[in-house]
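Breakdown of the fold
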Amino acid sequence: MCIRDRYQRRVHGIINCDQGKTMAEGKCAIHLVEEGQFVHVLRIFNSNIKGTMKVGFALSIVKGIGLRLAHVLLRVARIDATKRAGELTLDEVNRLNEIIADPQGHSIPVWLYNRKRDRKDGKDSIIVSNGWDTKLREDLERMRKIRLHRGLRHLWGLKVRGQHTCSTGRTGSTIGYVRQKKQITQTDLIY
């Protein structure tokens, strides 16, 4: 029996181990879940997620979901936050999809939403993955169309949020300020 067999069984679950071997000999393999259930690359909301990451951090990889929203989603869906993403069942993934589709019905506070008072329909919502890219593109297109200052700065490829542009953010062969050569006069030669 392994040296750490009792501890591993209690903490991590199932262990396959040859009797009388130690962990150092490499004959013991720890399986957190049964063979065939663990998924190494998980596809959630059009994003590839490593199955070895914890669920809260794995959800934050998805565009439009931050760490705080991810942990609130897990709490509402009643999913253990210490679980690995590869251990999620299909039922749990479907529950996450339902909560994101209707966050008001699952009592998620409005201040956690990433799209408040949408210009088209006036609703608050959580937008993830491809929907996030689409809404951003629509917003930038609207700003360009009405010739808003932010839209024009986006169009010209300049900094938008009021940063200095004299010495930073240069692209291409922009030089900035070039000092004119000083012409030498007779008074300069005396000194």
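Residues numbered from 1 in each chain as written. Predicted model: local features only at pLDDT ≥ 70, side-chain atom pairs only at ≥ 80, totals over all residues. Heavy atoms only, no water.

1. Concerning the overall build of the protein chain
Worth spelling out the cut-off: Numbered from the N terminus, helices here are DSSP runs of H or I no shorter than four residues, and strands are runs of E no shorter than two. Each residue gets one of three labels from its accessible area relative to the maximum for its type: buried under 20%, exposed over 50%, partly exposed in between, using a 1.4 Å probe on protein chains only. Any two residues whose heavy atoms approach within 4.5 Å are treated as being in contact. The Shrake-Rupley method, run with a 1.4 Å probe sphere, supplies the accessible areas, and residue values consider only the shown protein chains as cover.
The number of helices and strands found in the protein chain is seven helices and four strands. Overall, the protein chain shows an N-to-C arrangement of helices and strands of α-β-β-β-β-α-α-α-α-α-α. Each of the 191 residues in the protein chain was classed as buried or not, and the buried ones make up 27%. For the protein chain, long-range pairs separated by at least 24 residues make up 36% of all intrachain contacts whose partners lie at least 6 apart in sequence. Carbon and sulfur atoms make up 52% of the accessible area of the protein chain, which totals about 14400 Å².

2. A word on helix 5 (residues 130-145)
We apply this condition: Helices are assigned an expected span. That span is 1.5 Å times one less than the residue count. The arc refers to the directions leading from the helix axis to the C-beta atoms.
Spanning 16 residues, helix 5 covers 22 Å between terminal C-alpha atoms, matching the ideal 22 Å at 1.5 Å per step. Considered for burial, the residues of helix 5 that qualify are Asp139, Leu140 and Met143. Taken around the axis of helix 5, the buried residues stretch over an arc of 95 degrees, which confines them to a single face. Seen from the open side of helix 5, the exposed residues pointing more than 90 degrees away from its buried face are Arg137 and Lys145. Just past helix 5, the residue Arg147 takes up positive phi, approximately 60 degrees.

3. Things to note about the packing of helix 3 (residues 67-77) against helix 4 (residues 90-101)
Defined as follows: Axis definition: a line fitted to C-alpha atoms, limited for helices to the stretch in contact. Angles are taken between N-to-C directions and run from 0 to 180 degrees. Any angle between 65 and 115 degrees counts as roughly perpendicular, while under 35 counts as roughly parallel, over 145 as roughly antiparallel, and the rest as oblique. Take the far helix as the reference: if the near one is turned anticlockwise from it by less than a right angle, the crossing is left-handed, and if turned clockwise, right-handed.
Closest axis-to-axis distance for the helix 3/helix 4 pair is 10 Å, and the angle between their directions is 115 degrees. Compared by their axis directions, helix 3 and helix 4 come out roughly perpendicular. Read as a crossing pair, helix 3 and helix 4 show a hand that is right-handed. Only Arg95, Leu96, Ile99 and Ile100 of helix 4 make contact with helix 3, whose side of the interface consists of Leu73, Val76 and Ala77.

4. A look at the environment of Lys159
Mapping Lys159 onto the fold places it in the loop between helix 6 (149-156) and helix 7 (186-190). In sequence terms Lys159 and Gly169 are 10 residues apart; their C-alpha atoms lie 7.5 Å from each other. Not counting the four nearest positions on each side in its chain, Lys159 is found in contact with Arg153, His164, Thr165, Thr168 and Gly169.

5. A closer look at unusual backbone geometry
For Phe45, which is not glycine, the phi dihedral falls at a positive 50 degrees. Relative accessible area serves as the criterion here: at 16%, Phe45 is assigned to the buried category. Unusually for a residue other than glycine, Arg147 sits at a positive phi of about 60 degrees. Positionally, Arg147 belongs in the loop between helix 5 and helix 6. Here Arg147 falls in the exposed class, since its relative accessible area comes to 54%.

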